[in-house]
Amino acid sequence: MLDASKNVLKLIEDCGFKAYIVGGFVRDYLLSKKSNDIDITTNATPRDVLKIFPNADISNEKLGVVTINYNDVRFEITTFRIEYDYVNNRRPSKVLYTDNLIEDLKRRDFTINAICMDNNENIIDPLNGRDDLKSHTLRCIGNANMKFQEDALRILRCIRFATSLNFNIDEEALNAIKENKDLLKNISYDVKRHELDKIFTSSNAIYGIKLILNLDLDKSLELNNLNKVTYTDSLMGVWAVIDTCKYHFTKIESQEIESIKMCLKLDNSDPYVLYKYGPYFNFVASSIKHDNINTDLLYKNLVIHSFSDIDISINDIVNIINNKDVSLSDVKADIEKQILYKSLTNNRKEIVKYIISNY
């Protein structure tokens, strides 16, 4: 990936422009971490870049951003720029191109994300990001209050980087987060959820959650029950505990959340609960509750795993109850429970006898 990046830099430089790898890739490279996040900054304008890479996507040309695919690697190439007049605490309304790399770096969020690498793998670090990498510190570039007021999402990004890198947040940034936390209400739920998902799925998620709670961000983010969240591999498990209708989820995600919420209220070793909700949702719920339950094994040992395993058909049941004022679903559930609890043998003759006796 680094070789592909250097090739892109060379192609731009061969046309007379400056170009550097910047941001996440360089940060992770210096931390000896793998990274798929490759941004390139250049004094070439989007139209200049398009001449070099004719298949480039320039749909974000107004912001000076071009996206290319080179050797199956996605690159975001951004023109050196200065940003003005942020709107709704999120995006600049005006962008001015510049030929000055340092001016471009100053507009960025944190020092550790403003380190550059040239085509010879030399590190360019005018804002001393490497010092903050060594001290494991997240520090805003320039005035922290101004940075968060320009783009309130930087507050969540700060928590996300601190979480994923296990870094401390410097005092000025911490105070600025506290001062500006209510600006998060101006950010769309979808954008906020994108950052929160990264925090919640980090192996260091509990640290990120503690930061959110300690900085009193849960109220600004409208996250209920965040103090009840324990570590789980399931992202939807976290959202099930938070239990908020403010954030948007797909239909499948919503169904998963509802299933986990139900399992949280139930005995996850109960045969009928395992049968109805399956081993995964019960496992997630039991892990959240810190119960040491092998739901896979318990599920595997169930007498039945679906109604098709039962030695009677739905039509048979309908014929037996013969339009009595009885709910078919109630009879079906009762039979399932009796068999699962081993109070009834899974044998057609025995099941028919049970239905006639009880319904």
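Structure's up top.
Residues numbered from 1 in each chain as written. Predicted model: local features only at pLDDT ≥ 70, side-chain atom pairs only at ≥ 80, totals over all residues. Heavy atoms only, no water.

**Q** Can you lay out the overall build of the chain for me, pointing to particular residues and giving the numbers?
**A** Looking only at helices and strands, the chain features 18 helices and 11 strands. Judged by the C-alpha coordinates and their principal axes, the chain covers about 90 × 45 × 35 Å. Looking at the chain residue by residue over its 359 residues, the buried ones come to 49%. When contacts within the chain are restricted to residue pairs at least 6 apart in sequence, long-range pairs at least 24 apart make up 60% of them. Approximately 18,300 Å² of the chain is accessible, and the part contributed by carbon and sulfur atoms is 45%. Both charge centroids of the chain, one from 47 positive and one from 52 negative side chains, sit 2 Å from each other. (Helix = DSSP H or I, 4+ residues; strand = E, 2+ residues; numbered from the N terminus. Buried < 20%, exposed > 50% of the residue type's maximum accessible area, 1.4 Å probe, protein only. Contact = heavy atoms within 4.5 Å. Areas by Shrake-Rupley, 256 points an atom, 1.4 Å probe, with all protein chains shown as cover. Lys, Arg positive; Asp, Glu negative; His and termini not counted. Charge placed at Lys NZ, Arg CZ, Asp CG, Glu CD.)

**Q** Report on the side chain of T137, specifying residues and quantitative values.
**A** Looking at the element boundaries, T137 is found in strand β10 (residues 137-138). On the accessibility criterion, T137 (12% relative accessible area) is buried. A polar contact is formed between the side chain of T137 and the side chain of S135, at a distance of 3.0 Å. Not counting residues within four places of it along the chain, the set of residues in contact with T137 comprises I112, D132, F167, N168 and D170. (Polar contact = N/O pair within 3.5 Å; in protein donor to acceptor, adjacent residues only side chain to side chain.)

**Q** Account for the side chain of D125, with residues named and values stated.
**A** With respect to the element layout, D125 can be found in the loop between β9 (123-124) and α5 (129-134). Polar side-chain contacts of D125 include one of 3.3 Å to the backbone nitrogen of N128. Aside from chain neighbours lying at most four places away, what touches D125 is I115 and R130.

**Q** Outline unusual backbone geometry, supporting the account with residue identities and numerical values.
**A** The backbone of D72 shows a phi angle near 65 degrees, a positive value even though the residue is not glycine. The exposure class assigned to D72 is exposed, which follows from its relative accessible area of 82%.

**Q** Please give an account of the pattern of salt bridges that cites residues and values.
**A** A pair can form between side chains of opposite charge whenever their charged atoms are brought close. Across all of its chains, the model carries 25 salt bridges by this definition. Here D216 makes a salt bridge to K219, at a shortest N to O gap of 2.9 Å. Look at K219 and you get exposed, because its relative accessible area is 56%. A salt bridge links R348 to D316; the shortest N-O distance between them is 3.3 Å. Placement of the pair is R348 in helix α18 (residues 348-358) and D316 in helix α16 (residues 314-321), with a sequence separation of 32 residues. Overall, the relative accessible area of 39% leaves R348 in the partly exposed class. (Salt bridge = Lys/Arg side-chain N within 4 Å of Asp/Glu carboxyl O.)

**Q** Which residues make up the pairing of strand β3 (residues 57-60), and what values do they have?
**A** Examined bridge by bridge, β3 and strand β4 (residues 65-70) share two bridges and lie antiparallel to one another. What sits directly across from D57, in β4, is T67. (Pairing = 2+ DSSP bridges.)

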